[in-house]
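# Per-entry structural report
Chain by chain, the residues:
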Amino acid sequence: MQAIVYRRPGVVGVEERAVGAPGPGQVLVRVHACGVCGTDRHIYHGEFPATEGVVLGHEYAGEVVTAGEGVTDLQPGMRVAVDPNVVCGRCRTCRAGNVHLCENLTALGVNYDGGLAEFSLAPRNQLYPFGEGLDWTEAAMAEPLACCLHGSDLAGIQPGMSVLVIGGGAIGLLHVQLARLSGAARVTVSDPLPARRDLALRLGADAVLDPCGLSTEQMRAALDGGADVVIEAVGSPATAALSVQAAAAGGTVIWFGVAAPAAQAALSPYDVYRHEITIRGSFVNPFTHSRAVALLEGGRVQVAPLISRRVPLADVPAILAAPAGDDIKTVAVL
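This report concerns the structure included in the present document.

About the criteria used
- Residues numbered from 1 in each chain as written.
- Predicted model: local features only at pLDDT ≥ 70, side-chain atom pairs only at ≥ 80, totals over all residues.
- Heavy atoms only, no water.
- Salt bridge = Lys/Arg side-chain N within 4 Å of Asp/Glu carboxyl O.
- Buried < 20%, exposed > 50% of the residue type's maximum accessible area, 1.4 Å probe, protein only.
- Pairing = 2+ DSSP bridges.
- Helix = DSSP H or I, 4+ residues; strand = E, 2+ residues; numbered from the N terminus.
- Axes fitted to C-alpha atoms, helices over the stretch in contact; angles between N-to-C directions.
- Contact = heavy atoms within 4.5 Å.
- Core = buried A, V, L, I, M, F, W, Y, C linked by side-chain atoms within 4.5 Å.
- Right-handed = clockwise from strand over helix to strand, strands pointing away.
- Phe/Tyr/Trp six-rings, centres within 6.5 Å; stacked < 30°, edge-to-face > 60°.
- Lys NZ or Arg CZ within 6 Å of the ring centre and 35° of its normal.
- Polar contact = N/O pair within 3.5 Å; in protein donor to acceptor, adjacent residues only side chain to side chain.
- Disulfide = S-S within 2.5 Å.

## Structural notes on the pattern of salt bridges
Oppositely charged side chains are able to pair whenever their charged atoms sit close together. If you walk through the whole model with that rule in mind, you get 9 salt bridges. The partner of Arg 7 in a salt bridge is Glu 15, and the shortest N-O contact between them spans 2.8 Å. Residue class for Glu 15 comes out partly exposed when judged on its relative accessible area of 22%.

Written out as C-alpha cells, the structure is:
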C-alpha cells in the first residue's frame with residue numbers, strides 16, 4: 001500500500017508499506033478520507049514530537065476490511081470513523097476519569113501508524129460506526145469536531161450568552177456552530193481574512209471583526225463590553241493575550257489553539273483577578289467522539305463547507321512542506 005511516512009523533521013514522503021493483518025482486538029480499515037491537520041504540519045517542522053518512521057494522519061474514516069480475534073461486532077464493509085487517541089486506562093489521571101490527560105497517552109498518526117495510507121490497523125475501541133448517509137470526507141471531520149465538543153463543554157455556554165471566536169479556520173468555524181447549538185444569543189468571529197469572515201456569517205455567526213488595526217478598546221466596544229465566552233482558536237501568544245482582554249467581567253476564556261511549547265503570552269494578573277476571568281485549556285476529545293458522529297449524521301454541524309481542498313495521497317508531502325496559506329481544511333481522498 002501507499003503511505004505518507006514521517007522520517008525526521010523536514011522529511012516526509014510517499015512509501016510502499018505492507019498491509020498488516022489485524023491482531024487480537026484490532027481491525028483492518030480501508031481508509032477513504034484523512035484530514036491534514038495543523039499537528040501534521042507541526043510534526044513535519046519538528047515542532048511536535050512523533051515517532052520516526054510512523055505513518056501520519058489522525059483524522060480519518062474508512063470501511064472495515066477484516067477484524068482480529070475478539071472483535072465480533074464489526075463486519076466487513078461497515079463504515080467507521082477513528083478516534084486516534086489511545087489511553088492506558090490504569091494511570092492516576094485515567095482512573096480519575098480524565099483519560100485525555102493520560103500519563104501514557106499515545107495516538108494513531110503520531111506514535112502508531114495512522115490514516116494517511118490506503119489501509120490502517122486500529123484498535124476496535126477507537127472505531128465509531130456510522131451510516132451510509134455520511135460522506136467519507138465529512139466523517140473524517142469527526143475527530144476535530146469531537147475535540148471542539150470538549151472545548152465547548154468546558155466553556156459552559158448557556159442560552160443567551162455572547163461568544164467570541166478568535167480565528168476563522170476549521171476549528172473556529174466548528175466552534176461557531178457549536179455555540180449556536182448551545183443557545184448563544186450572539187456569536188462573533190475575529191479573523192483577518194475576508195473569505196473566512198464571509199464563511200463564518202454563512203455558518204451562523206452574527207457578526208465578524210477584522211482584527212487588523214483594531215484596538216482592544218474598539219474590540220471590546222464591538223462586543224458591548226466583552227464576550228461572556230471567548231474561544232481562542234489560533235494558538236499564538238498575541239491571540240492568547242487578546243482572548244483575555246476581550247472577555248467580559250466574570251467571563252470564561254478557552255485556549256483551544258495549539259501554541260508552540262516555548263511560547264509565552266503577556267497577561268495582566270490584576271485584570272484576571274479583578275474581573276474574575278476563568279482561563280481554561282482544552283485538550284483533545286474525552287468521551288466526545290460518539291457525540292461528534294451523531295451531530296454529523298444528524299446534519300446539525302456542517303463540515304462540507306470547511307473542506308477547501310480534496311487531494312490525492314501523493315500531494316500530502318508537498319502540502320505539509322508549504323505554508324498553511326488561506327485554505328481552511330485539506331482532506332486526502334483515497
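## Quick look at the sheet that holds strand 15 (residues 278–281)
Taken together, 6 strands build an open sheet; the order of strands is 12-11-10-13-14-15 and the sheet is parallel. Every other strand in the sheet has two partners, leaving strand 12 (207–209) and strand 15 as the edge strands with one partner each. Geometrically, the sheet is characterised by an average inter-axis angle of 20 degrees between neighbouring strands, direction not taken into account. Across 3 bridges, strand 11 (residues 186–190) lies against strand 12 in parallel orientation. Along strand 12, the bridge assignment pairs Val 189 with Val 208. Of the strands in this sheet, strand 11 and strand 12 touch helix 6 (residues 194–202), which is tilted by about 165 degrees from strand 12.

## What about the nonpolar core?
Ranked by size, the top nonpolar core spans 48 residues in total, and within it Phe 130, Leu 145, Val 163 and Leu 306 carry the most contacts. Mapped by element, the contributors of at least two residues to this core are helix 3 (136–139), helix 4 (142–155), strand 10 (162–166), helix 5 (170–181), strand 11, helix 6, strand 13 (227–232) and helix 10 (289–297). Counting residues per element, this core draws most heavily on helix 4, which supplies 8 residues. Excluding residues that lie within four positions of it along the chain, Phe 130 makes contacts with Ala 61, Arg 79, Val 80, Ala 81, Trp 136, Ala 139, Val 293 and Glu 297. Among the nonpolar cores identified, the runner-up in size contains 31 residues, and Leu 56, Val 80, Leu 116 and Ala 122 belong to it.

## Quick notes on the pairing of strand 10
Among the 5 residues that make up strand 10, 5 are buried, leaving the element largely enclosed by the rest of the structure. Judged by which residues are buried, strand 10 turns out to be covered on both faces: Ser 162, Leu 164 and Ile 166 on one side and Val 163 and Val 165 on the other are all buried. Sheet topology places strand 10 next to strand 11; 5 bridges connect them, and they run parallel. By the bridge assignment for strand 11, Leu 164 is matched with Thr 188. In terms of handedness, the path from strand 10 via helix 5 over to strand 11 forms a crossover that is right-handed. One ladder, built from 4 bridges, connects strand 10 with strand 13; its direction is parallel.

## A closer look at the packing of aromatic side chains
In this structure the tally under the stated criterion is 2 aromatic pairs. Ring geometry for Phe 130 versus Trp 136: centroids 5.9 Å apart, planes at 80 degrees, classification edge-to-face. No difference in accessibility class separates Phe 130 from Trp 136, as the two residues are buried. When the ring centre of Phe 119 is taken as reference, the NZ or CZ atom of Arg 30 above it lies at 5.4 Å. Taking the ring centre of Trp 136 as reference, the NZ or CZ of Arg 79 above it sits at 4.1 Å.

## Some details on the side chain of Thr 239
Here Thr 239 lies in helix 8 (residues 237–245). Judged by relative accessible area, which is 14%, Thr 239 ranks as buried. One polar contact links Thr 239 to Glu 232, side chain to side chain, over a distance of 2.6 Å.

## Focus: the state of the cysteines
Taken as a whole and assessed by the stated rule, the structure comprises 0 disulfides. Free of any disulfide, Cys 91 has its nearest cysteine sulfur in Cys 94, 3.7 Å distant. According to the relative accessible area criterion, Cys 91 is buried, its value standing at 6%. Cys 102 supplies the cysteine sulfur nearest to Cys 94, a cysteine that is in no disulfide, at a spacing of 3.7 Å. Here Cys 94 falls in the buried class, since its relative accessible area comes to 7%.

## A word on the environment of Ile 231
Summarising the element assignment, Ile 231 is placed in strand 13. Spatially, the C-alpha atom of Ile 231 lies 9.7 Å from that of Ala 247, the residues being 16 residues apart in sequence. Dropping the residues within four chain positions of it, Ile 231 is found in contact with Val 163, Leu 164, Val 165, Ile 166, His 175, Ile 254 and Phe 256.

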